Amino acid sequence: MPVDTVTIALQQLKKQGYKYTQKREDIITVFVEANRYLSAKAVLHALQDEYPTLSYDTIYRNLYTFVEVGILEETELNNEKLFRITCLHEGHHHHHFICQQCGMTIALQMCPMDFFEQQLEGCQISSHRFEIFGVCKNCLANA
């Protein structure tokens, strides 16, 4: 039986010295079930019934911990930080198309860095990030 994404994420947290809490598991579960970029507000809204006193402070602290550990990826859209579960099972380098309406993502199996590395001969690239923003076919069909 394959290990699920929530379990892998919790194992990564533990490996980095962070303690397990049900709240952390529930935050991770929100991202796994959504499988798209979410704002802190969306996470807070999803967990309000279970944790009525949950604060933005707690949400943001955990989100940035998860980014640091490699459980979540972050991006910015319209001056708002958005987060999504890292593709933990994929195991290979890739990028995403991100729907600006619903936050759904599609993994892109090609990296444009080969082209840019040719353009930057003699330079040392330390990291890169490539995202395409637009509107997905479902949102276009519902418009």
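Residues numbered from 1 in each chain as written. Predicted model: local features only at pLDDT ≥ 70, side-chain atom pairs only at ≥ 80, totals over all residues. Heavy atoms only, no water.

### Some remarks on the confidence of the model for the protein chain
So, step 1. Within the protein chain, residue pLDDT values average 88, and 94% of them lie at 70 or more.
So, step 2. Ranking the helices and strands of the protein chain by mean pLDDT puts helix α3 (residues 40-47) first, with 97, and helix α5 (residues 113-119) last, with 82. (pLDDT = per-residue confidence, 0-100. Helix = DSSP H or I, 4+ residues; strand = E, 2+ residues; numbered from the N terminus.)

### Looking at the pairing of strand β2 (residues 80-85)
So, step 1. One ladder, built from six bridges, connects strand β1 (residues 72-77) with β2; its direction is antiparallel. Note that in β2 the partner of L72 across the bridge is I85.
So, step 2. The loop that links β1 with its antiparallel partner β2 comprises two residues; one of these, N78, has a positive phi angle of about 55°. (Pairing = 2+ DSSP bridges.)

### Observations concerning the UniProt feature "binding site: Fe cation" (unreviewed entry) in the protein chain
So, step 1. Mapped onto this structure's residue numbering, the UniProt feature "binding site: Fe cation" (unreviewed entry) falls at H93 and H128. Spanning 36 residues, the named residues form one tight spatial group whose C-alpha atoms are at most 11.1 Å apart.
So, step 2. Structurally, H93 is set in the loop between β2 and β3 (95-99).
So, step 3. Residues contacting H93, with those up to four places away along its chain left out, are C111 and H128.
So, step 4. Within the secondary structure, H128 sits in the loop between α5 and β5 (131-134). (UniProt positions renumbered as here; feature names shortened; annotations may be inferred. Contact = heavy atoms within 4.5 Å.)

### Here's the deal with the UniProt feature "binding site: Zn(2+)" (unreviewed entry) in the protein chain
So, step 1. Under the UniProt annotation, "binding site: Zn(2+)" (unreviewed entry) lies at C99, C102, C136 and C139. Spanning 41 residues, the named residues nonetheless gather at one spot, since no C-alpha pair among them exceeds 8.3 Å.
So, step 2. Positionally, C102 belongs in the loop between β3 and β4 (105-108).
So, step 3. Apart from the residues within four sequence positions on either side, C102 is in contact with R36, C136 and C139.
So, step 4. Take C139: it is sitting in helix α6 (residues 137-142).
So, step 5. The class for C139 is buried, based on a relative accessible area of 13%.
So, step 6. The residues contacting C139, other than those within four sequence positions of it, are C99, Q101 and C102. (Buried < 20%, exposed > 50% of the residue type's maximum accessible area, 1.4 Å probe, protein only.)

### Considerations on a nonpolar patch on the surface
So, step 1. Together, F115, F116, L120 and I125 make up a nonpolar patch on the protein surface, roughly 340 Å² of accessible area in all.
So, step 2. Residue placement: F115 occurs in helix α5.
So, step 3. Owing to a relative accessible area of 48%, F115 belongs among the partly exposed residues under this scheme. (Patch = residues over 30% accessible without salt bridge, like charges linked within 9 Å, V, L, I, M, F, W, Y side chains within 5 Å. Areas by Shrake-Rupley, 256 points an atom, 1.4 Å probe, with all protein chains shown as cover. Salt bridge = Lys/Arg side-chain N within 4 Å of Asp/Glu carboxyl O.)

### Some details on the nonpolar core
So, step 1. By size, the foremost hydrophobic cluster in this structure holds 23 residues, and its most contacted members are I28, F31, I59 and I71.
So, step 2. Taken together, the elements giving at least two residues each to this core come down to α1 (5-15), α2 (22-34), α3, α4 (56-69) and β2.
So, step 3. If near-sequence neighbours (up to four positions away) are discounted, I28 is found in contact with V6, A9, L10, L13, F66, I71 and I85. (Core = buried A, V, L, I, M, F, W, Y, C linked by side-chain atoms within 4.5 Å.)

### Section: unusual backbone geometry
So, step 1. Despite not being glycine, N35 shows a phi value in the positive range, around 50°.
So, step 2. Within the element layout of this structure, N35 appears in the loop between α2 and α3.
So, step 3. When its relative accessible area of 43% is taken as the criterion, N35 is described as partly exposed.
So, step 4. Backbone geometry places N79, a non-glycine residue, at a positive phi of 60°.

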